[in-house]
Amino acid sequence: MAADLGVIDVGATLRDLRRRADLSQRELAERSGVPKSTLARIEAGQGAGPAFRTVERLVRAAGGEVILKLPDAHSSAAADESPQTPDNELRNELRDELQDELRDEAGRRYPAHLDVRRVLTLKDWPAAWWVHSYTLPQRLWPVRVPELTYDLDRARRDERRLRDQTRAQVRFRRAFEGLPATSWRFLAEVPGAGPVGELRAHERSWDLLLGEDWGDRRELVLESVVVAPGLRTLGMGRQLIELLAREMAVAGIRTIHAIADGGNVEFLLACGFELQAGRPSALTLEVRQPRP
């Protein structure tokens, strides 16, 4: 935490730090030795500005650090290079506004570290295990589905936060370094974390395959689509294939073949591949060429 206490919203910043540490107000109060009522007033922005020592104790107890700097050219430049993008700032503001808006049936705010969210579909509610594949009709639901939900298990909260962060930051690109001209490699990368997904394919020539002159007709063979564990339902595999298809269209290559089995067949079918007749594990994707 490096900021001017007279400029920043101390309550919102402290609440966000506590959320990242996955601590309730009671837990942070016990760790810091600051009364829970004091912590609650600071986060709610009530009363006079908190003492610096109080803020320091709370920040350190949440795993943060308070750094004071005099404004100068260097610090101004550093602020300009902050990794907090406008999109992330807006996302954080919307999250805080939603957190303040959501209340339980008694009108109380939910603890910030629980990441309360609305139940839009049954998949949003962890307690809906009783709905087989989420297809049980609503009239047969044994309990009332709540409007809001959250994860009590910290591991599940950490996993959900990682997925949300990855979805917001992931970038896709084609990699050329160290590869022969006939190799195709695409990466899904998160800044500071490296690749979290990869697609590999290679070209083959009909001229060489059939021993005839087909006018340099080429096609691709899909080798693999890999996504990091825990991130496999974010759509990154589909986006890698979409990027591959766009690059194929630019290169004038129309067809890509793949061999798959099990759930991988379903994945490729969802990405537009079609099964080859008589070969249940062989699939083909025909890429539309751009109009001249």
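The following paragraphs examine the structure supplied in this document. Residue indices follow the written sequence of each chain, beginning from 1 at its first position. Residue-level local features of this predicted model are given only where pLDDT is at least 70; pairs of side-chain atoms are given and counted only at 80 or more, and the full residue set underlies all totals for whole chains, interfaces and linings. Side-chain metrics rest on all non-hydrogen atoms present in the structure, leaving aside hydrogens and water.

We now examine the overall build of the protein. Helix and strand content of the protein: 10 helices and nine strands. Between buried and exposed lies partly exposed: a residue is buried under 20% and exposed over 50% of the maximum accessible area for its type, with that area taken using a 1.4 Å probe on protein chains only. Looking at the protein as a whole, 36% of its 292 residues are labelled buried. Only heavy atoms enter the contact rule, under which two residues are in contact if any of them lie within 4.5 Å. Sequence-distant contacts, at least 24 apart, represent 52% of the contacts inside the protein between residues at least 6 apart. Here the protein displays about 18,700 Å² of accessible surface, and carbon together with sulfur accounts for 52% of that area. For the purposes of this entry, the term helix denotes a DSSP run of H or I that reaches at least four residues, the term strand denotes a run of E that reaches at least two, and both are numbered from the N terminus. Every accessible area reported is derived by Shrake-Rupley at a probe size of 1.4 Å, with residue values counting cover from the shown protein chains alone.

Moving on, we come to the packing of aromatic side chains. Each pair of aromatic rings is reported with the distance of its centres and the angle of its planes. Classification of ring pairs rests on two measures: the distance between centres of Phe, Tyr or Trp rings, Trp counted by its six-membered ring, which must be within 6.5 Å, and the angle between planes, read as stacked under 30 degrees, edge-to-face over 60 and tilted in between. Applying the stated criterion to the full structure yields one aromatic pair. Aromatic pair Trp184 and Phe186: ring centres 6.3 Å apart, planes at 45 degrees, arrangement tilted.

What follows covers the packing of helix α9 (residues 236-251) against helix α10 (residues 263-270). Contact pair α9 / α10: the axes reach a minimum separation of 10 Å and the direction vectors enclose 55 degrees. When the axes of α9 and α10 are compared, the pair comes out oblique. α9 and α10 meet at a crossing whose hand is right-handed. Residues Gly237, Arg238 and Ile241 of α9 lie in contact with α10, whose contacting residues are Phe267, Leu268 and Ala270. Here the axes come from fitting lines to C-alpha atoms, over the contacting stretch only for helices, and the angles between their N-to-C directions go from 0 to 180 degrees. Throughout this description, any angle smaller than 35 degrees is read as roughly parallel, any larger than 145 degrees as roughly antiparallel, any in the 65 to 115 degree range as roughly perpendicular, and the remainder as oblique. For any helix crossing, the convention is left-handed if the near helix is rotated counterclockwise from the far helix by under a right angle, and right-handed if that rotation is clockwise.

Here the focus is the side chain of Arg185. Here Arg185 shows up in strand β4 (residues 183-190). In terms of polar contacts, Arg185 uses its side chain to reach the side chain of Glu198, at 2.5 Å. Residue contacts for Arg185: discarding those within four places in its chain leaves Arg173, Arg174, Ala175, Leu179, Glu198, Leu199 and Arg200. Polar contact is defined as a pair of N or O atoms within 3.5 Å, subject to the rule that within protein one atom must be able to donate a hydrogen and the other to accept it, and that residues adjacent in sequence are counted only when both atoms are side-chain atoms.

On the basis of which strands lie adjacent, the open sheet formed by seven strands has the order β3-β4-β5-β6-β7-β9-β8 and mixed pairing. The open sheet has two edge strands, β3 (171-175) and β8 (274-276), and neither has a second partner. Between one strand and the next, the sheet's axes are offset by a mean angle of 30 degrees, whatever the strand orientation. Judged from the nine bridges that link them, strand β5 (residues 194-205) and strand β6 (residues 218-227) form a sheet pairing that is antiparallel. Paired with Arg200 across the strands is Ser224, a residue of β6. Strands β3, β4 and β5 of the sheet are contacted by helix α7 (residues 154-169), whose axis makes an angle of about 120 degrees with β4. Should DSSP find at least two bridges between two strands, the strands are regarded as paired.

Another point: helix α1 (residues 10-20). In terms of burial, α1 is a largely internal element, nine of the 11 residues being buried. All of the buried residues along α1 are Val10, Gly11, Ala12, Leu14, Arg15, Asp16, Leu17, Arg18 and Arg19. Remark: Asp22 follows α1 within two positions and exhibits a positive phi of approximately 60 degrees.

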